[in-house]
Amino acid sequence: EISPLVPVEERGVTAMSVPAFIDITEEDQASELRSYLKSKGAEISEENSEGGLHVDLAHIIEVCDICFKEDDKDVESVMNSIVSLLLILETEKQEALTESLCEKLLKAREGERSSLRLLLLRNLFHGMEENAPARYIVYCSLVKVATACNAIQYIPSDLDQVRKWISDWNLSVDKKHHVLRLLYEALVDCKKSDAAAKIMVELLGSYTEDNASQARVDAHRCIVRALKDQNTFLFDHLLALKPVRFLEGELIHDLLTIFVSGKLVAYVKFYQNNKDFIDSLGLCHEQNTAKMRLLTLMGMAVDNKEISFDTLQQELQMAEEDVEAFVIDAVRTKMVYCKIDQTQRKVVVSHTTHRTFGKQQWQQLYDSLNSWKQNLNQVRNSLLSISTT
């Protein structure tokens, strides 16, 4: 039977031994594979090549997809036998053959035997040495298959782990960008927006001043995804990314700046002047307005611990009867903590999240911690004086 696929977060990912087709020498194993594939109708000689194992494998991989007509058990045995031979080759001979094998596994019709294809690719991936460059090819194939069958949870996608692999495989800049972009798209398609956002920030952060202009599409996409995500409310970290800074002066950058530090009135004016642009991004004006109301409240709550209903009505452009429901929904986001004083028609703020966190906010944090330290010292001294009397 095929081993069940278990979500990555539920198991440890370690190197695994790959089952062989039959317990014989490599040359005999290649010969057996040739004979088996020929018996299934493949155009291949039963005799091994004089060029060595890597040439035999190239011939075998070229026709191995014919076995996909068989049942899962036979397919798994044949493919794992090929994988076991591939893994004993020198590293420099693995890459081209690995790419050919992955192409065969990717060519199967979408959704067809997806669990089996994931299992075979995973066997190949974890059977290779940690720093084998060919693992990059296999991982990209894993992501593509997982995306096609909505199964990204079955492959490792943690950012710290991916960073380590990128370093281990010594990837070029283009390959690094490719794997991050591929993973980002997979996570978005599988509705893992938080993980996708982290990958995209990592991707944009990997650009330099010299090549930031090449990331226009990625930066644009990152901004739109962040604005569209109903659970994302903080955007100031995006402004610091070089590819995003490269967009300064464009409408998308102006819109992001409003969501970072502007008020609802600024967004409304932007929308009135650029309605077609907002629509072209696939953004919903009503959702944008709701998010900007919350962001405006967060900004007001930083400097005002008490905010009247009248002020909220004016700043948030809403009717009096909608204020209480809005405040309750705002508290549910955990971005602001406050209570409603219905008698005095005001909101009392206990805590709010800063929309931006720069030098001024660090200074405020330092002052608060320093004040707490002094207060604790006073309490300590008071307790010491009591204990000595």
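The preceding data block contains the structure.
As the structure is a computational prediction, the values presented were derived from the model and not from experiment.

Give me the lowdown on the packing of helix H14 (residues 264-273) against helix H16 (residues 285-303), citing residues and values where you can.
Where H14 contacts H16, the two axes come as close as 9 Å, and the packing angle between them is 155°. Here H14 is positioned roughly antiparallel relative to H16, judged by the angle of their axes. Counting all contacts with H14, which are made through Leu264, Tyr267 and Tyr271, the residues of H16 involved are His285, Asn288, Thr289, Met292, Arg293 and Thr296.

Please provide a residue-by-residue account of unusual backbone geometry, values included.
With a phi angle near 55°, Asn150 is a residue other than glycine that sits in the positive phi range. You can see Asn150 is positioned in the loop between helix H6 (135-148) and helix H7 (159-168). With phi around 65°, Lys334 is a residue other than glycine that occupies positive phi space. The residue Lys334 is located in the loop between helix H18 (323-332) and strand S2 (336-341) in this model.

Explain the state of the cysteines residue by residue, including any values.
All told, the structure shown has zero disulfides when counted by the stated rule. Here Cys64 is not disulfide-linked; the sulfur of Cys67 is the nearest cysteine sulfur, at 6.0 Å.

Could you give an account of the packing of aromatic side chains, with specific residues and numbers?
A full pass over the atoms with the stated rule returns 10 aromatic pairs. Ring pairing ties together the aromatic residues Phe125, Tyr139, Trp165 and Trp169, which thus form one cluster. Positioned above the aromatic ring of Phe125, the side-chain terminus of Arg135 is 3.9 Å from the ring centre.

Account for the sheet that holds strand S1 (residues 306-308), with residues named and values stated.
Spatially, S1-S3-S2 is the arrangement adopted by the three strands of the open sheet, whose pairing is antiparallel. Single-partner strands in this sheet number two, and they are S1 and S2. Neighbouring strand axes in the sheet, compared pairwise and without regard to direction, differ in orientation by 30° on average. One ladder, built from three bridges, connects S1 with strand S3 (residues 346-352); its direction is antiparallel. Of the residues in S3, the one forming a bridge with Ser308 is Lys346. Relative to S3, H16 is tilted by about 85°, and along the sheet it contacts S1, S2 and S3. Sheet strands touched by H18: S2 and S3. Its angle to S2, the strand with the most contacts, is close to 150°.

Which residues make up H14, and what are the values?
Those residues of H14 that sit buried are Leu264, Tyr267, Val268, Phe270 and Tyr271. Seen from one end, H14 has its buried residues packed into an arc of 160°, which puts them on one side. Pointing more than 90 degrees away from the buried face of H14 are the exposed residues Val265, Lys269, Gln272 and Asn273. Next to the buried residues of H14 lie helix H13 (251-261), helix H15 (275-280), H16 and helix H17 (309-316).

Kindly report on the environment of Ile278, identifying the contributing residues and their values.
Structurally, Ile278 is set in helix H15. For Ile278, a relative accessible area of 0% corresponds to the buried category. In sequence terms Ile278 and Ile252 are 26 residues apart; their C-alpha atoms lie 9.1 Å from each other.

Account for the pairing of S3, with residues named and values stated.
Where S2 meets S3, six bridges bridge the pair, whose relative direction is antiparallel. Looking across to S3, one finds that Ile340 is bridged to Val347.

Quick one: what's the story with a negative patch on the surface, residue by residue and with numbers?
Together, Glu26, Glu27, Asp28 and Glu32 give the surface a local cluster of negative charge. Structurally, the position occupied by Glu26 is in helix H1 (residues 26-39).

Quick rundown of the environment of Leu204? Include the residues and the values.
Following the sequence through the fold, Leu204 ends up in helix H9 (residues 193-205). The buried category is assigned to Leu204, whose relative accessible area is 1%. Beyond its immediate stretch of four places on either side in the chain, Leu204 contacts Ala215, Asp218, Ala219, Cys222, Leu241, Pro243 and Val244.

Give me the lowdown on the pattern of salt bridges, citing residues and values where you can.
Tallied over the entire structure, the rule returns 19 salt bridges. Here Arg181 ties to Asp218 by a salt bridge, and the two come within 2.7 Å at their closest N and O atoms. Residue Arg181 is located in helix H8 (residues 173-189), and its partner Asp218 is located in helix H10 (residues 216-228); the two are separated by 37 residues in the primary sequence. Among the ionic contacts, a cluster of salt bridges with common partners joins Asp160, Arg163 and Glu202.

The rules behind these values
- Residues numbered from 1 in each chain as written.
- Predicted model: local features only at pLDDT ≥ 70, side-chain atom pairs only at ≥ 80, totals over all residues.
- Heavy atoms only, no water.
- Axes fitted to C-alpha atoms, helices over the stretch in contact; angles between N-to-C directions.
- Helix = DSSP H or I, 4+ residues; strand = E, 2+ residues; numbered from the N terminus.
- Parallel < 35°, antiparallel > 145°, perpendicular 65-115°, else oblique.
- Contact = heavy atoms within 4.5 Å.
- Disulfide = S-S within 2.5 Å.
- Phe/Tyr/Trp six-rings, centres within 6.5 Å; stacked < 30°, edge-to-face > 60°.
- Lys NZ or Arg CZ within 6 Å of the ring centre and 35° of its normal.
- Pairing = 2+ DSSP bridges.
- Buried < 20%, exposed > 50% of the residue type's maximum accessible area, 1.4 Å probe, protein only.
- Arc of directions from axis to C-beta.
- Patch = residues over 30% accessible without salt bridge, like charges linked within 9 Å, V, L, I, M, F, W, Y side chains within 5 Å.
- Areas by Shrake-Rupley, 256 points an atom, 1.4 Å probe, with all protein chains shown as cover.
- Salt bridge = Lys/Arg side-chain N within 4 Å of Asp/Glu carboxyl O.
- Lys, Arg positive; Asp, Glu negative; His and termini not counted.
- Charge placed at Lys NZ, Arg CZ, Asp CG, Glu CD.

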